[in-house]
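Descriptive analysis of the structure
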Amino acid sequence: GEARIEGRFRTPPEIGRRTPFHFVITGDTQHEPARIQMVAAGILREMPAFVLHTGDLSNDTRNWDLLGAEFFEPWRELLRHTTLWTARGNHEYGLEPYASVFGISPAVPWYSFDYGNLHVVVLDQWNVSGSERMEPERRTAMAEWLERDLVGARPRADWIIVAGHQPMFNVAAHGSEWGRETILPILYRHGVDIVIGGHSHLYERFIPIAPSGAHPIHFLVAGGGGAITYPPVPSPLLARVHAAPHYCLFRV
């Protein structure tokens, strides 16, 4: 319509510049608008430089009314004060309207960006038409792109974070192990620091994991954006597990 809504956001510092900032990662804003609103209000109080959403913006992003009720309405004030980056979850159910709404190329829905001395990679994990396993040829193309991207990023970035919807390590609920054979070796090769996903609706932080001689990676599951919480499962691999609505705040 013709309504005008004003807001503001913080432009990023020069690439590679070591200036303090903080940002938030969350995901799985589904099912429970009151819980989604509670998490969004907490994020807004932090006034982050940007927010990275790891997917499942609503329980069915093809449904505009549901996307409004479970994302745009609860996040209304937050979206007026910061910048949003997104990954595609299985509940986006395809590339559209997700890609058009968030300005992401449907041909190449994986991407990266720099914020000061931080490099962030956002991976795609699903097939073109829905929420099934990614097509082998697209997975190969993304892996080749990822290798080139990280080669270029490492000289200018002190920190590298890789995000996607499905975690690579996950104990409770889905027990996800996406990308361990094809993507994970690339991440170790280029010294990635943190890998974070959602999909399972709880918080899991793993003891840093690495093969002998490689830079250890911190793996996190952070599906606490408002969806119904999954019960935790104890594991000696976990440094921390937390089953409640939450977001992850990072200070650089």
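To be clear, the structure that these remarks concern was listed above.
Residues numbered from 1 in each chain as written. Predicted model: local features only at pLDDT ≥ 70, side-chain atom pairs only at ≥ 80, totals over all residues. Heavy atoms only, no water.

With that out of the way, let us pick up the overall build of the protein chain. Along the backbone of the protein chain there are 6 helices and 11 strands. Its C-alpha radius of gyration of 17 Å places the protein chain within 12% of the 18 Å reference for a compact globule of 252 residues. Of all 252 residues assigned to the protein chain, the portion counted as buried reaches 51%. Of the contacts made within the protein chain by residues no fewer than 6 positions apart, 76% connect residues no fewer than 24 positions apart. If you sum the accessible surface of the protein chain, you get close to 11600 Å²; carbon and sulfur atoms cover 54% of it. (Helix = DSSP H or I, 4+ residues; strand = E, 2+ residues; numbered from the N terminus. Rg over C-alpha atoms; globule rule 2.2 N^0.38 Å. Buried < 20%, exposed > 50% of the residue type's maximum accessible area, 1.4 Å probe, protein only. Contact = heavy atoms within 4.5 Å. Areas by Shrake-Rupley, 256 points an atom, 1.4 Å probe, with all protein chains shown as cover.)

Relative to the helices and strands, S200 resides in the loop between β7 (194-197) and β8 (203-206). Given the relative accessible area of 0%, S200 is considered buried. For S200, the side chain forms a polar contact with the side chain of N170, separated by 2.7 Å. Ignoring any residue separated from it by four or fewer positions in sequence, one finds S200 in contact with N170, A172, A173, H174, G175, V221, G223 and Y230. (Polar contact = N/O pair within 3.5 Å; in protein donor to acceptor, adjacent residues only side chain to side chain.)

Attention now goes to the sheet that holds strand β3 (residues 83-86). Backbone hydrogen bonds are what pair the strands of a sheet, in a parallel or an antiparallel way. Here we have 4 strands laid out as an open sheet, ordered β3-β2-β1-β11, and mixed in their pairing. Taken across any chain shown, the strands that pair with only one partner, and hence form the sheet edges, are β3 and β11 (248-251). Each adjacent strand pair in this sheet contributes to an overall mean axis angle of 20°, direction not counted. Across 4 bridges, the pairing between strand β1 (residues 22-26) and β11 is antiparallel. (Pairing = 2+ DSSP bridges. Axes fitted to C-alpha atoms, helices over the stretch in contact; angles between N-to-C directions.)

Mapped onto the secondary structure, E92 falls in the loop between β3 and α4 (98-102). Among buried Asp, Glu, Lys and Arg side chains, E92 stands out as unpaired, with R88 the closest opposite charge at 7.0 Å. Among the polar contacts made by the side chain of E92, one reaches the main-chain amide nitrogen of D56 at a distance of 2.8 Å. Once residues within four sequence positions are removed from consideration, E92 is found in contact with G55, D56, L57, S58, T61, R62, A87 and Y98. (Lys, Arg positive; Asp, Glu negative; His and termini not counted. Salt bridge = Lys/Arg side-chain N within 4 Å of Asp/Glu carboxyl O.)

Here we take up unusual backbone geometry. Put simply, E96 and P97 share a cis peptide bond, and its omega is 5°. Turning to its location among the elements, P97 is positioned in the loop between β3 and α4. Here D28, not a glycine, exhibits a phi torsion of approximately 60°, which is positive. Mapping D28 onto the fold places it in the loop between β1 and α1 (33-46). Classification of D28 as buried rests on a relative accessible area of 0%. Even without being a glycine, D56 presents a positive backbone phi close to 65°.

In total, this model carries 1 cavity of 30 Å³ or more according to the counting rule given. In this structure, the largest cavity spans a volume of roughly 50 Å³. Elements with a contribution of two residues or more to the lining of the largest cavity: β6 (159-163) and β7. Partitioning the lining of the largest cavity into residue classes produces 8 nonpolar, 3 polar and no charged. (1 Å grid on protein atoms, 1.4 Å probe; cavity = no way out; pocket = protein on both sides within 12 Å on 5 of 7 lines; lining within 4 Å. Points joined across faces, edges and corners; volume = space filled by probe spheres on them. Nonpolar A, V, L, I, M, F, W, Y, C, P; charged D, E, K, R; others polar.)

Time to look at helix α5 (residues 136-153). Taking 1.5 Å as the rise per residue, α5 with 18 residues should run 26 Å; its terminal C-alpha atoms sit 25 Å apart, in good agreement. Among all positions of α5, only R138, M142, A143, W145, L146, D149, L150 and A153 are buried. Elements in contact with the buried residues of α5: β4 (111-115), β5 (118-122), β6 and α6 (184-189). (Expected span 1.5 Å × (residues − 1).)

Taking strand neighbours across the sheet as the criterion, the 7 strands line up as β4-β5-β6-β7-β9-β8-β10 in an open arrangement whose pairing is mixed. This sheet does not close on itself; its edge strands, each paired only once, are β4 and β10 (238-242). On average, adjacent strands in this sheet sit at an angle of 15° to one another, irrespective of strand direction. Where β5 and β6 come together, 5 bridges link them in parallel fashion. Along β6, the bridge assignment pairs V121 with V162. Running over the sheet, α5 touches β4, β5 and β6 and is turned about 175° from β5.

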